[in-house]
Amino acid sequence: MSDSEFDSAKVELAIQLESYDYKVKFSDKELRTDWQNLCKFKDDVKQISSTVRHGMKISEHFMENFMTLKILKAEVFLINGPQ
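Keep in mind it's a predicted model, so treat the numbers as computed, not measured.

A. Up close: the overall build of the chain. Per the secondary structure count, the chain includes 3 helices and 2 strands. Listed by position from the N terminus, the elements making up the chain come as α-α-α-β-β. Per-residue burial over the chain gives 10% buried out of 83 residues. A total accessible area of about 7,600 Å² is found for the chain, and carbon and sulfur atoms account for 57% of it.

Rendered as structure tokens:
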């Protein structure tokens, strides 16, 4: 897509993005699996990989004040505090 094509499509893209539901929702099966993985997690581990996400789907599903952002190809989990 050229710059001029993008410029002419911006308004339509903005309308489509505005109607997008950004809320993260997971199936019951995914949430159950995440809960089971969280229950199996050993809390005596001193160090864990930054890619360990036990319980994160549950948090993302039920706590809408959490947001996921992509920064430099890494997934970051942030809390959206008081405005």
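That covers the picture; the talk isn't over yet.
B. Seen up close, helix H1 (residues 3–18). Here H1 is 16 residues long and its end C-alpha atoms lie 22 Å apart, about the 22 Å a rise of 1.5 Å per residue gives. If you look at H1, its biggest bend is around 50 degrees, right at Ala9.

C. Representation of the pattern of salt bridges within the structure. Inspection of the entire model under this criterion finds 3 salt bridges. Two residues, Asp7 and Lys10, come together in a salt bridge whose shortest N-O distance is 3.4 Å. One end of the pair is Asp7 and the other is Lys10, both in helix H1 and 3 residues apart, which spans about a single turn. According to the relative accessible area criterion, Lys10 is partly exposed, its value standing at 41%. One salt bridge connects Lys57 with Glu30, and the closest N-O pair in it is separated by 3.9 Å. In this pair, Lys57 is assigned in helix H3 (residues 56–62) and Glu30 in helix H2 (residues 28–40), connecting sequence segments 27 residues apart.

D. How the structure looks around the side chain of Glu60. Relative to the assigned elements, Glu60 resides in helix H3. Classification of Glu60 as buried rests on a relative accessible area of 8%. A distance of 2.9 Å separates a polar atom in the side chain of Glu60 from a polar atom in the side chain of Arg53.

E. Structural detail: the confidence of the model for the chain. For the chain, per-residue confidence averages 76 on the pLDDT scale, and residues scoring 70 or more make up 71% of the total. Least confident of the elements in the chain is strand E2 (residues 74–79), whose mean pLDDT is 55; most confident is H2, at 92.

Rules and cut-offs
Residues numbered from 1 in each chain as written. Predicted model: local features only at pLDDT ≥ 70, side-chain atom pairs only at ≥ 80, totals over all residues. Heavy atoms only, no water. Helix = DSSP H or I, 4+ residues; strand = E, 2+ residues; numbered from the N terminus. Buried < 20%, exposed > 50% of the residue type's maximum accessible area, 1.4 Å probe, protein only. Areas by Shrake-Rupley, 256 points an atom, 1.4 Å probe, with all protein chains shown as cover. Expected span 1.5 Å × (residues − 1). Bend = angle between axes of the 7 residues up to and from the residue. Salt bridge = Lys/Arg side-chain N within 4 Å of Asp/Glu carboxyl O. Polar contact = N/O pair within 3.5 Å; in protein donor to acceptor, adjacent residues only side chain to side chain. pLDDT = per-residue confidence, 0-100.

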